[in-house]
Amino acid sequence: MADLATRTLPLRGFHGSSATVRLTPAPPASRLSLRARPEAVEALSTALGLSLPTRPKTSATNAARHALWLGPDEWLVIDALDTDLLGMAAAAGVLHSATDISHRNTAILVDGPGAAAAINVGCPQDLSLKAFPVGGCSRTVFGKAEIVLLRTGETAFRVECWRSFAPYVSGLLAAGAVDASH
Amino acid sequence: MSGAHRTANAASMGGANRLPGKGRLTPARTARFTFDGRTYQGLQGDTVASALIANGVHLVGRSFKYHRPRGIVSAGPEEPNALIDVMRDNARRQPNVRATVQEVFDGMTVASQNRYPSLTFDVGGINNILAPFFAAGFYYKTFMWPKQAWKSIYEPRIRAAAGLGVSPTEDDTDAYASRYAHCDVLVMGAGVAGLTAALAAAGTGARVILCDEQPEVGGALHHDTGVMIDGQNGYDWAQAAARRLAALDNVTLLTRTTAFGYYAQNFVALAERVTDHVSRPDRTAPRERLWQVRAKRVVIATGAIERHMVFANNDRPGIMLASAARTYLNHFGVAVGRKVGVYTAHDSAYEAAFDLHRAGIAIPAIVDCREQPGSAVLAEARALGIEVLTGHAVTDTKGKLRVSAMSVRRVSGGSSARSIAIDALITSSGWTPSVHMFSQSRGKVAFDAETQRFLPGIYAQDCISIGACNGTTDIAATLGEAVDAGELAAQAAGFAGGARLDLAGTQAFAWTGGMAGAAYGAGPEDDVKAFIDFQNDVCAKDIRLAVREGMHSIEHIKRFTTNGMATDQGKLSNIHGLAIAAETLGRGIPEVGLTTFRAPYTPVTFGTLIGHSRGDLFDPTRKTSMHEAEEAMGAAFEDVGQWKRAWYYPRPGEDMHAAVNRECRTVRQTVGMFDASTLGKIEVVGPDAAAFLNLIYTNSWDTLKPGRCRYGIMLREDGFIYDDGVVGRMAEDRFHVTTTTGGAARVMHHMEDYLQTEFPHLNVWLTSATEQWAVIALQGPKAREIIAPLVEGIDISNEAFPHMSVAEGRICGVPTRLFRMSFTGELGFEVNVPADFGPDVWNAIRARVEAVDGCAYGTETMHILRAEKGYIIVGQDTDGTLTPDDASLSWAVGKKKADFVGIRGMKRPDLVRDGRKQLVGLLTKDPNVVLEEGAQIVADPNQPKPMTMLGHVTSAYWSENCGRSIALAVVAGGKARLGQTLYVPMADRTIAVEVSDMVFFDKEGGRIHG
Amino acid sequence: MLLIHCPYCEEERSELEFRAAGDAHIARPENIAAISDEDFEAYFFLRDNPKGLIFERWRHVAGCGRFFNAARDTVSDRFLKTYKAGEPKPQLPIAAMTDETVVETYEATEGRAE
């Protein structure tokens, strides 16, 4: 019997902060790609312990758990704890699709007065608080990668991307962080 | 004295022509720079042009075609002549910089361009003497024959002689930045109009971006000292306004920032020069920054550009725009000469003369081709005692490297020419509103007959032009227009309220006059060089020649003469050229029409456009989670799309061939391990999952039981193979679909397309899971014994877990989806684990593999092993024109199915006819010869050319396991040719091949079930 | 770079988030396996490529992921309307079409040459 395998994180050792932006690899999290029709939303919300958002570009949060509206029948559920989200969704007993993507995605936390400018290096969306308020979220592009953006504070964002894009996304964010301080 | 770095004399205060008490620069803040090896002193805030003129240097370049000595014409971005090379070091060097825009900094190195061996003596000047042979269009006519000579003789010589600057040869080490920005109101230009509009818009709380290409705001107030706003000198008011704006949270004020491109839906590109003026820039700062701005409303306040007078020899150094002389005097404190002649058709030049006169500069005469200049300026000139020659023209100039005299004549004729000694000549034929950005926005300009100007006409976007670019010259009118525009723009963007901005302004003189085209003495009968386009050496007579040669469209005239096609894009010349063309054609200016304004407004560096997209950030490089573990084993990698994949694992002393042969042998003899993580994976979930896959794949999925997997192929609707892969059924309502590495994204798109738009009634959803899983393939007779002790919860015996099985359990203590499958023809497993566990599981398996003398193998070995079994690679052996039958995959098409994507397409007449190209095996008659992929195949190598080609080789390898070369190929009617001899003609020989089936190894196929 | 209104996200987003997906309102024949060669040709190959109003499919691929339909003017490159997949072709007022003629076609820029 071999030793229990341990995790090797995609962004281990990454640094890229500047005078106005702090970049931090997010710790591992449980993630679920959740798909369902409107009639299943209530039961799934109860099962997951938060109200799945039904308005575009919005998210819901309960403690360490976030549910991000990505499309009219699609949510990204992120839980900072090691949680069996798949099992919780299954317990709802309603028609849905849930796929574990905990290892597919990784995230970078972008924080500081230059955070929006750093992200705007590659993201064409309007990141003013009016257009993209705290709690706002969207799948979008970041340079030549696809990301999911969640605004966690006035000057704080979580940038989710597929793991193999993490070096590119973090590298471009680091370039943006430097630019945002000039 | 070449190479001597001498300091110019009289460099105190930054040059001998710097006037004490004049200008806005600080005398104590000096900056030393070199120009063509000689050291000069300027002041911080100087442009290279102002610093050179301060030091008495007017000659800065040679013209493009005739190599005529040229001087500084303007004080702004419209400069046609003063193009220089600015160098910090060999890597940080930029040619074709406009000296009138580039600020000096201490220690900068500047060189002139387009001269050999030196600026004052240039052998290319012979072109000036040969000018009769260099008329417009000469390139098209003279160098047509002989054809071969163009590439070998004419083009290289012309390029060398007519070149602009020299490109740097080293990689640029500067950083460049780029960002997207959004605002409610974007204001282009921070002169009186732009500043006022920005103040008005900002007062409502709207988000405002105000940009201006100059280092400081003020626009025309740089030269026009006659404007008072709110009781303050205009320039001082502008600086105070800028400070107010900069202090507001809702305003971004960008100086040294040019709006250069106006695209659809108010998408505007700005180029910000961040460090080009800094002596020792912070190396982490970008040199330039591209702003991609999306504005709800745009206010265009880009001002106007003065035009020169068109007369004989109007291009000598020292001849410049009147407003430029005024800028050099009033802003930089520099006198452009000591005896300055004035030649004008517009009142504005008088104000330049007045300012120079008051600064103690002699104005020998104001030559005005009009009989009746504005009465106010005329009266002021007389009051100051300046001679005004109305109804006169300058018909020639003298001076080799600097103008020394002008010949003046009465326009009505009669009098003889009078020569007046001068050392500078300032001219103005009026002002051209800068409608560039308006026109780029697709707005239509309209010709204003009264003022003979093109002005903004019909708007195409949510923008408005104000101030001089809108034809408004009166200061009070400009202020009113700007306040209205700023407030309206903000209102339209959803902001209202705030007290109305109330500004009062006065100006010294209201201007009249203006002309376009050639002045007296440069008409159709006059054989003189009266330049309209300095940069491309286009004269008035060239336009007339173009019309005579049959060019009647302004677009053709432009291309024939190259008028307006230089890097300045004809900012000075277009209107003159158009007027001359219209006159020659006997038509009105509006009927001839303007040429199209295109981005960029002024040249933009490649660095600015590229921004961060270089090096590692040019394109994402995707690596699997096991990449570093493979690197540690010495893997060589190959690019597969954006992915890096382990290609082969050479051991010390092995070349690629030896490594691959060893890997191929090892897999079939013992065991090999392979990183298959990059294969696309799609989780298909829902009660209708099987029904959906039935429609997407040719195969039938109803019969596939949970725990089993199947090879599937999918077609496009046209019946051609689109992708393939193994699909595992994890549960009744859950499938694990794999795709090719390159097909992952497009297959997902293809499946979503059908699901959302054709089969939306199905209860099924798709999720990309490619990167959720690290995949380690174990292939070879010992594969089972390698993983057996690591696996928990799955009986992997042959009986319980036969070929094409899938199960969930644990490996190395972590969750796995374990597939029993093979892309080699050997006993095989594919271990899927959550990606973060990949490296640990890889290393655990590696230890066991190496203990039995197995090895890791890369993509090259994978390719060979699958070819030995005749397994195709979609995209290599197929090219989007192969049907399942062409690829001998008819067995994978469900015969009883009523529908699937491609079911009708694959029955099209052309897809079922005889003689189609079909995939077959090829065996070279000489087993040691390996064919080239892509090589063409013929039946008879002796037939005349062009030969009838039957097909081509799609895969070809040396197979160590077969002890010979193998190949796959598409061949017309291939399946009916088994056993036939065909030929592959190569450049140096013809290779005979025999058509075979596609399975070269273990034809019985027993090993896979081992 | 265009702004495209996504009917699912209910706002305008950059063209960078979208991908074009060909003509809209072309339904896959019900019993496709049985249709004639001519009908298949009409369904799969033949497109009008109109100058002016076109109905096409777009996907908000780097956004909500939804396919939707758009009415676009191929002369001005303007989106006149976007609407959800499955909704009927909208009736568009003639005024929605632009009379823009400054587009740089060969005719517009070179056509004046005699």
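This structure is a prediction, so every number in the text was calculated from the model and none was measured. (Residues numbered from 1 in each chain as written. Chains lettered and ligands numbered in written order. Predicted model: local features only at pLDDT ≥ 70, side-chain atom pairs only at ≥ 80, totals over all residues. Heavy atoms only, no water.)

A closer look at the overall build of chain B
Reasoning step 1: In terms of regular secondary structure, chain B is built from 24 helices and 51 strands.
Reasoning step 2: Seen along its three principal axes, the alpha-carbon backbone of chain B occupies a region of about 115 × 75 × 60 Å.
Reasoning step 3: Of all 1010 residues assigned to chain B, the portion counted as buried reaches 61%.
Reasoning step 4: Of the roughly 37300 Å² of accessible surface on chain B, 53% is carried by carbon and sulfur atoms.
Reasoning step 5: Charged side chains of chain B number 104 positive and 110 negative; the gap between the two group centres comes to 4 Å. (Helix = DSSP H or I, 4+ residues; strand = E, 2+ residues; numbered from the N terminus. Buried < 20%, exposed > 50% of the residue type's maximum accessible area, 1.4 Å probe, protein only. Areas by Shrake-Rupley, 256 points an atom, 1.4 Å probe, with all protein chains shown as cover. Lys, Arg positive; Asp, Glu negative; His and termini not counted. Charge placed at Lys NZ, Arg CZ, Asp CG, Glu CD.)

Remarks on the domain arrangement of chain A
Often, the extent of an interface is quoted as the loss of accessible area on bringing the components together.
Residues and elements named next belong to chain A.
Reasoning step 1: Here chain A is described as being made up of domain 1 (14–28 + 104–182) and domain 2 (30–101).
Reasoning step 2: Taken together, the contact pairs 17 residues of domain 1 with 13 residues of domain 2.
Reasoning step 3: Summed over both sides, the interface of domain 1 with domain 2 buries roughly 1300 Å², with 53% coming from carbon and sulfur.
Reasoning step 4: Broken down residue by residue, the surface that domain 1 buries against domain 2 is led by Arg104, Cys137 and Arg139, which jointly contribute 37%.
Reasoning step 5: Counting across the domain 1 and domain 2 interface gives two salt bridges.
Reasoning step 6: Applying the counting rule to domain 1 against domain 2 returns eight residue pairs in polar contact (both at pLDDT 80 or more).
Reasoning step 7: For the side of domain 1 that touches domain 2, the secondary structure elements donating two or more residues are strand S7 (105–111), strand S8 (137–142), strand S9 (145–153) and strand S10 (156–162).
Reasoning step 8: Residues belonging to the side of domain 1 that touches domain 2 are distributed by class as follows: seven nonpolar, six polar and four charged. (Domains from an automatic or database assignment. Contact = heavy atoms within 4.5 Å. Buried area = accessible area lost by both parts, 1.4 Å probe. Salt bridge = Lys/Arg side-chain N within 4 Å of Asp/Glu carboxyl O. Polar contact = N/O pair within 3.5 Å; in protein donor to acceptor, adjacent residues only side chain to side chain. Nonpolar A, V, L, I, M, F, W, Y, C, P; charged D, E, K, R; others polar.)

Comments concerning the domain arrangement of chain B
Residues and elements named next belong to chain B.
Reasoning step 1: Domain boundaries in chain B define domain 1 (1–172), domain 2 (176–304 + 433–506), domain 3 (306–430 + 514–592) and domain 4 (870–895 + 907–1009).
Reasoning step 2: Each of domain 2 and domain 3 has a C-alpha centre, and these two points are 30 Å apart.
Reasoning step 3: Here domain 2 meets domain 3 over a buried area of about 960 Å², counting both sides, of which 62% is carbon and sulfur.
Reasoning step 4: Together, His222, His223 and Phe454 form the three largest contributors to the area buried by domain 2 at its contact with domain 3, with a combined 47%.
Reasoning step 5: Linking domain 2 with domain 3 are one salt bridge.
Reasoning step 6: Of the charged contacts in the structure, one is a salt bridge between Arg326 and Asp224, with a shortest N-O distance of 3.5 Å.
Reasoning step 7: Run the count over domain 2 and domain 3 and you get four residue pairs in polar contact (both at pLDDT 80 or more).
Reasoning step 8: Residues of the side of domain 2 that touches domain 3, tallied by class, amount to four nonpolar, six polar and two charged.

Examining the pairing of strand S49 (residues 964–972) of chain B
Residues and elements named next belong to chain B.
Reasoning step 1: Where burial is concerned, most of S49 is hidden: nine out of the nine residues are buried.
Reasoning step 2: Examined bridge by bridge, strand S46 (residues 917–924) and S49 share six bridges and lie antiparallel to one another. For Leu922, the partnering residue across the bridge sits in S49 and is Ala967.
Reasoning step 3: Where strand S48 (residues 951–959) lies against S49, eight bridges are found, and the strand directions are antiparallel. (Pairing = 2+ DSSP bridges.)

Quick word on helix H7 (residues 322–330) of chain B
All names here are of chain B.
Reasoning step 1: Within H7, nine of the nine residues are buried, which leaves it mostly tucked inside the rest of the structure.
Reasoning step 2: Among the residues of H7, those classed as buried are Ala322, Ser323, Ala324, Ala325, Arg326, Thr327, Tyr328, Leu329 and Asn330.
Reasoning step 3: As for H7, its buried residues are in contact with helix H1 (48–54), strand S16 (304–307), strand S17 (319–321), helix H8 (348–358), strand S24 (424–428) and strand S25 (430–433).

Remarks on the interface of chain A and chain C
Reasoning step 1: Listed as interface residues are 17 residues of chain A and, on the opposing side, 14 residues of chain C.
Reasoning step 2: Taken over both partners, the interface formed by chain A and chain C buries close to 1100 Å², and the fraction arising from carbon and sulfur atoms is 50%.
Reasoning step 3: Scanning the region where chain A abuts chain C turns up three salt bridges.
Reasoning step 4: Linking chain A to chain C there are seven residue pairs in polar contact (both at pLDDT 80 or more).
Reasoning step 5: Breaking the side of chain A that touches chain C down by element, the ones donating at least two residues are strand S4 (65–71) and S8 of chain A.
Reasoning step 6: Sorting elements by how many residues they give to the side of chain A that touches chain C places S8(A) first, with four residues.
Reasoning step 7: Partitioned by chemical class, the residues of the side of chain A that touches chain C number six nonpolar, four polar and seven charged.

Some words on helix H4 (residues 166–179) of chain A
Residues and elements named next belong to chain A.
Reasoning step 1: An ideal rise of 1.5 Å per residue puts 20 Å on 14 residues; H4 measures up with 19 Å between its terminal C-alpha atoms.
Reasoning step 2: Buried residues dominate H4, accounting for eleven of its 14 residues.
Reasoning step 3: Listing the buried residues of H4 in full gives Ala166, Tyr168, Val169, Ser170, Leu172, Leu173, Ala174, Ala175, Gly176, Ala177 and Asp179. (Expected span 1.5 Å × (residues − 1).)

Concerning the interface of chain B and chain A
Reasoning step 1: Opposite the 54 residues of chain B that make contact, chain A presents 50 residues.
Reasoning step 2: Across the chain B to chain A interface the summed buried area is about 4300 Å²; carbon plus sulfur atoms make up 54%.
Reasoning step 3: Three residues stand out in chain B for area buried against chain A, namely B:Tyr180, B:Trp765 and B:Asp836, and they jointly supply 19% of the buried area on that side.
Reasoning step 4: Across the contact surface, chain B and chain A share six salt bridges.

Structural notes on the packing of helix H5 (residues 192–202) of chain B against helix H11 (residues 475–492) of chain B
The description of two helices packed together rests on the angle between their axes and the distance between the axes.
All names here are of chain B.
Reasoning step 1: Relative to each other, H5 and H11 sit at 35 degrees, their axes nearing to 7 Å. Considering the relative orientation of H5 and H11, their crossing is right-handed. Across from Val192, Ala193, Thr196, Ala197, Ala200 and Ala201 in H5, the residues of H11 making contact are Ile475, Thr478, Leu479, Ala482, Val483, Gly486, Glu487 and Ala490.
Reasoning step 2: Here the residues of the contact of H5 with H11 are counted per class, giving ten nonpolar, three polar and one charged. (Axes fitted to C-alpha atoms, helices over the stretch in contact; angles between N-to-C directions. Left-handed = near helix turned anticlockwise from the far one by under 90°.)

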